[in-house]
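# Structure assessment
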There are 2 protein chains.
Amino acid sequence: MEYTERLPYWRHLNDSEKQLVRQHSNIRRYGRGELIHGGGSDCLGQVMVLSGLTRTYVLSEEGREVTLFRLGEGDCCVLSASCVITQITFDTFMSAEMDCELLIVSSGAFGSLSDSNIYVRCFMYEQATARFSDVMWAMQNVLFRRFDQRLAAFLLEESGRTGSNEIRMTHEQLAQNTSSAREVVARMLKRFASDGLVDVRRGVIRILDAGGLEELL
Amino acid sequence: MEYTERLPYWRHLNDSEKQLVRQHSNIRRYGRGELIHGGGSDCLGQVMVLSGLTRTYVLSEEGREVTLFRLGEGDCCVLSASCVITQITFDTFMSAEMDCELLIVSSGAFGSLSDSNIYVRCFMYEQATARFSDVMWAMQNVLFRRFDQRLAAFLLEESGRTGSNEIRMTHEQLAQNTSSAREVVARMLKRFASDGLVDVRRGVIRILDAGGLEELL
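Residues numbered from 1 in each chain as written. Chains lettered and ligands numbered in written order. Predicted model: local features only at pLDDT ≥ 70, side-chain atom pairs only at ≥ 80, totals over all residues. Heavy atoms only, no water.

For the rest of this paragraph, the subject is the overall build of chain A. A tally of helices and strands in chain A yields 7 helices and 9 strands. Dimensions of chain A, computed from the C-alpha atoms along their principal axes, are close to 60 × 35 × 30 Å. Taken across its 217 residues, chain A has 55% of its residues classed as buried. Within chain A, contacts between residues separated by at least 24 positions form 71% of all contacts whose residues are at least 6 apart in sequence. Taken as two groups, the 24 positive and 29 negative side-chain charges of chain A have centres that lie 4 Å from each other. (Helix = DSSP H or I, 4+ residues; strand = E, 2+ residues; numbered from the N terminus. Buried < 20%, exposed > 50% of the residue type's maximum accessible area, 1.4 Å probe, protein only. Contact = heavy atoms within 4.5 Å. Lys, Arg positive; Asp, Glu negative; His and termini not counted. Charge placed at Lys NZ, Arg CZ, Asp CG, Glu CD.)

This is the structure in structure tokens:
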């Protein structure tokens with residue numbers, strides 16, 4: 001399995017540590033919408049996205065979702081191994097935003113590496129810190145921004161990410177990604193459409209006036 | 001200056017690194033309510049609280065404060081040195097919740113230590129990760145909990161922290177610590193008082209029925 005060599009901390013491992021990773025990692029595939037981590041299936045391990053896109057979120061008691069961040073090819077996540085990070089005392093969920101393939105190093109192996117190898121430990125905390133910034137962005141977004149701004153920002157971000165002005169997402173997905181409800185998304189898209197900012201047709205949102213969306217920010 | 005020896009990473013420093021810390025750290029005193037970090041005075045350095053209590057918060061464009069965490073004696077903070085942590089891309093404010101004394105290692109010295117010394121780098125990310133959990137707690141508190149629960153939780157927490165059932169805080173301070181407004185705090189305290197949970201007199205809130213407050217959580 002050569003994928004393990006892509007792990008950012010690989011070059012800091014000695015031979016027996018490399019062996020440990022090889023023996024305790026595997027590649028798993030998840031279909032769009034599938035739950036990857038969280039809820040019952042607690043401590044998955046350290047994850048690296050090989051292809052596709054994942055979404056990490058928290059859940060309120062009433063089931064409301066707040067998206068924290070999304071990860072694409074090459075991105076790593078350690079929150080899915082939170083059981084080995086004593087500083088992390090909160091639960092997150094991760095699902096497949098689109099079909100994806102993940103390299104997963106088991107929590108046990110990752111925990112023992114981070115105990116014995118300062119570079120792995122440093123990687124673990126560095127990754128958590130990077131996600132911290134994502135979460136602060138999400139938090140300030142939800143707390144302080146009006147919903148029209150959040151939706152405009154997300155459409156522009158998504159268009160930038162895919163390099164296309166067409167966004168193929170359901171209202172439900174948009175709601176999850178902007179920490180809102182489907183009805184609210186539908187209403188706001190209607191307003192954007194009547195303002196000539198977007199065109200909504202057969203489940204595809206086409207950005208007609210990116211400048212106009214930017215002005216909302 | 002012996003205070004530097006209390007730094008958690010002190011024992012991992014070599015002699016010249018110890019020298020660097022001694023030369024580039026100092027002790028500062030702040031009066032209650034004083035701004036310690038944020039706004040104009042950007043990158044203070046790595047902070048260790050020697051005495052007193054600090055409060056870290058974010059500010060909305062309209063000036064609304066959301067408290068992220070508070071730090072007491074012996075606690076460290078690296079967010080006040082965010083300029084040396086490339087993964088941290090958000091701004092926080094820190095103020096003196098009560099008179100306090102801080103040991104401050106300058107950003108320059110801390111940055112050069114974290115570049116050259118893996119243990120300091122690991123400490124830096126570990127500290128940021130620990131604060132990450134505090135922030136998640138604050139975030140879920142604001143997003144998902146009703147205000148009566150937030151206020152009850154804070155009063156109980158504060159009473160536990162001080163070991164007294166009397167809480168000496170203004171409504172303004174309570175509002176800041178529960179991410180609310182002064183008027184909302186006043187109204188809720190009145191309700192708590194009429195329910196026999198607390199007694200409010202001359203700026204002192206006395207918890208009469210801790211069990212009753214706990215039942216709100």
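Once you've had a look at it, read on.
This brings us to the interface of chain B and chain A. Taken together, the contact between chain B and chain A spans 32 residues of the former and 32 residues of the latter. Applying the counting rule to chain B against chain A returns 0 salt bridges. Of the residues contributing to the side of chain B that touches chain A, the split by class is 21 nonpolar, 6 polar and 5 charged. (Salt bridge = Lys/Arg side-chain N within 4 Å of Asp/Glu carboxyl O. Nonpolar A, V, L, I, M, F, W, Y, C, P; charged D, E, K, R; others polar.)

With that settled, consider the relation of the copies chain B and chain A. Superposition of chain B onto chain A requires a rotation of 180° combined with a translation of 0.0 Å along the rotation axis, giving an RMSD of 0.1 Å. Here the copies are linked by what is in effect a two-fold axis. Interface overlap between copies: 100% of the residues of chain B at the interface are likewise at the interface in chain A, consistent with a symmetric, same-surface contact. (Least-squares fit on C-alpha atoms with pLDDT ≥ 70 in both.)

Let us look at the side chain of S95(A). Residues and elements named next belong to chain A. Secondary-structure assignment places S95 in strand β6 (residues 93-106). Owing to a relative accessible area of 6%, S95 belongs among the buried residues under this scheme. Those residues in contact with S95 that sit more than four places away from it in its chain are G33, E34, L35, I36, L53, T54, R55 and Y57.

The next point concerns the domain arrangement of chain A. All names here are of chain A. When cut into domains, chain A gives domain 1 (3-143) and domain 2 (145-216). If you average the C-alpha positions of domain 1 and of domain 2, the two centres end up 28 Å apart. Between domain 1 and domain 2, the residue contacts involve 15 residues of the former and 12 residues of the latter. A buried area of about 1100 Å², summed over both sides, lies between domain 1 and domain 2, and 32% of it is on carbon and sulfur atoms. Counting across the interface, domain 1 meets domain 2 through 1 salt bridge. The partner of E158 in a salt bridge is R70, with the nearest N and O atoms 2.4 Å apart. (Domains from an automatic or database assignment. Buried area = accessible area lost by both parts, 1.4 Å probe.)

With that settled, the discussion passes to the sheet that holds strand β8 (residues 198-201) of chain B. Residues and elements named next belong to chain B. Pairing is antiparallel across the open sheet formed by 3 strands, whose spatial order is β7-β9-β8. This sheet does not close on itself; its edge strands, each paired only once, are β7 (166-167) and β8. Where β7 lies against strand β9 (residues 204-207), 2 bridges are found, and the strand directions are antiparallel. When the sheet's bridge partners are listed, E166 is paired in β9 with R206. (Pairing = 2+ DSSP bridges.)

Here the focus is the nonpolar core. Formed by 96 residues in total, the largest nonpolar core has its most connected members in Y9(A), F110(A), Y9(B) and F110(B). Discounting residues that sit within four places of it in the chain, Y9(A) has contacts with Q46(A), V105(A), F110(A), L113(A), V120(A) and F123(A). (Core = buried A, V, L, I, M, F, W, Y, C linked by side-chain atoms within 4.5 Å.)

Residues and elements named next belong to chain A. Pairing is antiparallel across the open sheet formed by 3 strands, whose spatial order is β7-β9-β8. In this open sheet, the two strands that pair with only one neighbour each are β7 (166-167) and β8 (198-201). Each of β7, β8 and β9 (204-207) touches helix α4 (residues 147-162); the most contacted strand, β9, lies at about 90° to it. (Axes fitted to C-alpha atoms, helices over the stretch in contact; angles between N-to-C directions.)

Residues and elements named next belong to chain B. With respect to the helices and strands, the residue A96 is situated in strand β6 (residues 93-106). Linking A96 and G31, residues 65 residues apart in sequence, is a C-alpha distance of 6.5 Å. Setting aside chain neighbours within four positions, we find A96 in contact with Y30, G31, R32, G33, E34, I36 and L53.

Residue and element names in this part refer to chain A. Buried within helix α1 (residues 15-23) are the following residues: E17, K18 and V21. Axial view of α1: buried residues confined to an arc of 100°, hence all on one face. Opposite the packed face of α1, turned more than 90 degrees from it, sit the exposed residues D15, S16 and Q23. The elements touched by buried residues of α1 are β1 (25-30), β6 and α2 (107-116). At the N-terminal end of α1, a side-chain oxygen is found 3.1 Å from the backbone nitrogen of S16, two or three residues along, and the residue is N14. (Arc of directions from axis to C-beta. Polar contact = N/O pair within 3.5 Å; in protein donor to acceptor, adjacent residues only side chain to side chain.)

Along the chain, E2(B) falls in the segment before α1 (15-23). Along the sequence, E2(B) and Y119(B) sit 117 residues apart, while their C-alpha atoms lie 21 Å from each other.

For the rest of this paragraph, the subject is the pattern of salt bridges. All names here are of chain A. Evaluation of the coordinates by the stated rule reveals 21 salt bridges over all chains. Two residues, E101 and R29, come together in a salt bridge whose shortest N-O distance is 2.8 Å. One end of the pair, E101, is in strand β6; the other, R29, is in strand β1, and 72 residues separate them in sequence. Within the structure, one salt-bridge network assembled from shared partners comprises R55, R70, E97, E158 and R161.

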